[in-house]
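Working through the structure, step by step
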Amino acid sequence: MSPGPQSKSLSVLALAVLAIGSPLLLVAFWVGGPVGTAVAALLVGLLPAALFALGAGSKLHRLRRRLVLWLLLLALSGGVLAVYGTASTDLAQVWLAGFPLPTALLIYGVGLGMLIATGAFYAAVFDRLGIDREELERLERIASPPADRDGAGG
Amino acid sequence: MTGLDRPGVILAALVYLAVVAGIGVWSARRTRSARDFFIAGQNLGLWVTGLAAMSAAFSGFVFLGGPGLTYRLGVSSLFINAPLGFTAALLCVVLAKRLRLLAQVREIYTVPDAVAARYGSRTAGGLAAGAVVVGVVGYLGAQLQALGVLFDAVFGGGVVLGMALGVLIVVFYSVAGGMIAGVYTDLFQGLLMMGAAVAVFAYALEAGGGLGEITRTVASSADFGPGFLQPAGTVPWATVLGFYFVFGVGVLGQPHMLHKFYMLKDPRRLKWMPLVLGGSQAVCLLIWLGVGLAVPALVAAGRLAPLARPDDAAPTFLLQFTPELLAGVVLAGVMAAIMSTADSFLSIGAAALVRDLPRAFGRPVADELRAGRWMTGLLAVGAAVFAWAYDDLIALLGTFAFGTFAAALTPALAVGWSWRRVTAKAASASIVTGAGLNLLLEFLARQPFFPWLPKPPLPPGVLPTALSLAASFTVLFVVTLLTSEDRLEDDVAAVMDV
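Small disclaimer: the values here were computed from a predicted structure and weren't measured. Throughout this document, residue positions are counted from 1 along each chain, in the order its sequence is written. For this description, chains carry letters from A and ligands carry numbers from 1, given in the order in which they are written. With the structure being a predicted model, the display of local features is reserved for residues of pLDDT at least 70 and the display and counting of side-chain atom pairs for 80 or more, all residues being used for whole-chain, interface and lining totals. Processing note: side-chain calculations cover all non-hydrogen atoms of the structure and skip hydrogens and water entirely.

1. With respect to the overall build of chain A
Put simply, DSSP H or I for four residues or longer makes a helix, DSSP E for two residues or longer makes a strand, and each gets a number counted from the N terminus. The number of helices and strands found in chain A is five helices and two strands. Seen in sequence order, chain A has helices and strands lined up from the N terminus as α-α-α-β-β-α-α. Out of the 154 residues in chain A, the part that is buried amounts to 49%. To be clear on the numbers: accessible area is Shrake-Rupley with a 1.4 Å probe, and residue cover counts the displayed protein chains and nothing else. Split by element, the accessible area of chain A, about 7200 Å² in all, is 68% carbon and sulfur. In this scheme, a residue with accessible area under 20% of its type's maximum is buried, one over 50% is exposed, and one in between is partly exposed, where area comes from a 1.4 Å probe on protein chains only.

Now the structure itself:
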């Protein structure tokens, strides 16, 4: 199985986001202020999205409809930024379902909504992105008897 | 009011303890090998694994520490929970399937085993084991502190006495049953807590007059005010964003959760894991949210005296605003949550001390099962002393421990198992940076012993754990780019391709 070009490009993009985003987040935390905080609010959502893409990377070419994945990654990346954005404006005084809007977004959107969306998406694409029977059989062929090997491989 | 004033509470707690003792005895009879002791014989189904992972993660930290932290910080504390929207799926996509398959092709019992296998490096595995021991002492300390608070609330006598009793009970229980006792108590406790969380949430809403009335009361009170309900109303944004980063990304470095994936009998059952794990976590968080908001509302309305100790929020609410039987079941369930999590940590810490570290030095222990049982006692005492010296909220001690695991292990595991180019030297440097920086910053911030040492030069509100995690990622990438690619073994490469 070889990853398709789209899988590779998404993996490279994910690695670039992680490699550049990590030191940038360090600086953003250190600098603080409105700019530093806005950058941090973006990065704390973007980095897990990049880890998702990197973790699934080699199999993404198997997905038929990638639009859902992109929407999911976009929502994940922008969720906290949306909370930060609304909390910094008059929208913070608007109430929704028992809470101020930014808090409602955090609880119902970033938390509960994402839980249902990511869980359902993972179950729906498991046969393509998860583990299939061929892979299990291939691994069993590759594996030497477990008793002969331990963690560090000698 | 203590539990002694309400006999039903004591009765329910005793019935619960009898059930747990029964599980311990039953498990001890089934624990015949190191494989049973450390990974429950790799024979668990989806629900047991999912609920065990949830229960290992949700403990005194969530059920006692969560409401306590909300009482002090307001809804800012929810940034710790918000990442649960994606963490279960993230675990499955990035690590769960690979770790489970690795356990199929190699004799893998621990997370440091997985680090050693990935990088073909005993040094990297040994460093990971060292970080695990540090994190275990912190996390176990949080559990014992929670147990002390709980015993004090129910029986009186003080937190320190409660912690001492907790050490005795947890050590007996863990030495007897190892991981099998842990996972089956997790299952029992997980089911119990999910039911209890729904009931307590309903009572919290009723006591406060409904969610809208609770939030209006809190927002209009002089003690709490509208900022209490805003995402960063009581603390700087750097703190809440740090919470979100550490608890969102750092979940990939938590050995007590990752370890559970080794135990799954059929790896294809992972398909439903995010919904089972995430769903059960969301249900249990109703206690954090419900009690965390209801108690400030009751204080604001003058129906409850202000709390001297924020960690008393959950026990106080349960003893004063719920029926005796429910209070007893929930307090017993919280005790179960603490004990099952403590048991998991004792097993993981003991494995690091008697298996991973000796192997890293090329001197494996002959009888790991026997040595593991001795080490559980030493770890528990060390953790209790550490918690007593730390002297802060349960949730903050838990955050330090979670952050230690996160900063030390997340980059080496999450990026390392997804990208072949990461080298053993990079992984080792990342582990040392994450664990070392986090310990150093926490020590400088809290130590009273050397007044001439400076406080860490951190901007206000920035979490040491968040900085350490970002630094650990950065070091991983920099050292990877500066070192030559290692050769991967065929089976490890095959697992990474899945």
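Structure's up, so let's keep going.
2. A closer look at the packing of helix α6 (residues 111-119) of chain B against helix α7 (residues 122-155) of chain B
Residues and elements named next belong to chain B. To get an axis, a line is fitted to the C-alpha atoms, and for a helix only the part in contact is used. The angle between two axes follows their N-to-C directions and goes from 0 to 180 degrees. Relative to each other, α6 and α7 sit at 160°, their axes nearing to 7 Å. It follows that α6 is roughly antiparallel to α7 by the angle criterion. Relative to α7, the crossing made by α6 is right-handed. Residue-level contacts link P112, V115 and A116 of α6 to A124, G125, A128, A129 and V132 of α7. Just so you know how the angles are binned, under 35 degrees is roughly parallel, over 145 roughly antiparallel, 65 to 115 roughly perpendicular, and the rest oblique. Each crossing gets its handedness from the near helix: less than a right angle anticlockwise from the far helix is left-handed, clockwise is right-handed. By the convention used here, residues are in contact when the closest approach between their heavy atoms is within 4.5 Å.

3. Thoughts on the interface of chain B and chain A
How large an interface is tends to be reported as the accessible area lost when its parts come together. Each partner contributes to the interface: chain B provides 75 residues, whereas chain A provides 71 residues. Contact between chain B and chain A buries roughly 6300 Å² in total, counting both sides, with carbon and sulfur atoms accounting for 74%. Throughout, the accessible surface (probe 1.4 Å) given up by two parts as they are put together, summed over both, is called the buried area. It is L241, R268 and K271 of chain B that lose the most area in chain B upon contact with chain A, and together they represent 11% of the buried surface on that side. What makes a salt bridge here is a side-chain nitrogen of Lys or Arg within 4 Å of a carboxyl oxygen of Asp or Glu, nothing more. Summed over the shared surface of chain B and chain A, the result is zero salt bridges. Polar contact criterion, stated in full: a pair of N or O atoms within 3.5 Å, where within protein one must be able to donate a hydrogen and the other to accept it, and residues adjacent in sequence count only if both atoms are side-chain atoms. Where chain B meets chain A, there are five residue pairs in polar contact (both at pLDDT 80 or more). Residue assignment for the side of chain B that touches chain A shows that the elements contributing at least two residues are α5 (84-105), α6, α9 (211-220), α10 (237-249), α12 (273-300), α16 (394-415), α18 (464-482) and α19 (490-497) of chain B. Per-element accounting of the side of chain B that touches chain A gives the leading share, 13 residues, to α5 of chain B. Throughout this entry, Asp, Glu, Lys and Arg are counted as charged residues, while Ala, Val, Leu, Ile, Met, Phe, Trp, Tyr, Cys and Pro are counted as nonpolar. The remaining residues, Gly among them, count as polar. Here the residues of the side of chain B that touches chain A are counted per class, giving 51 nonpolar, eleven polar and 13 charged.

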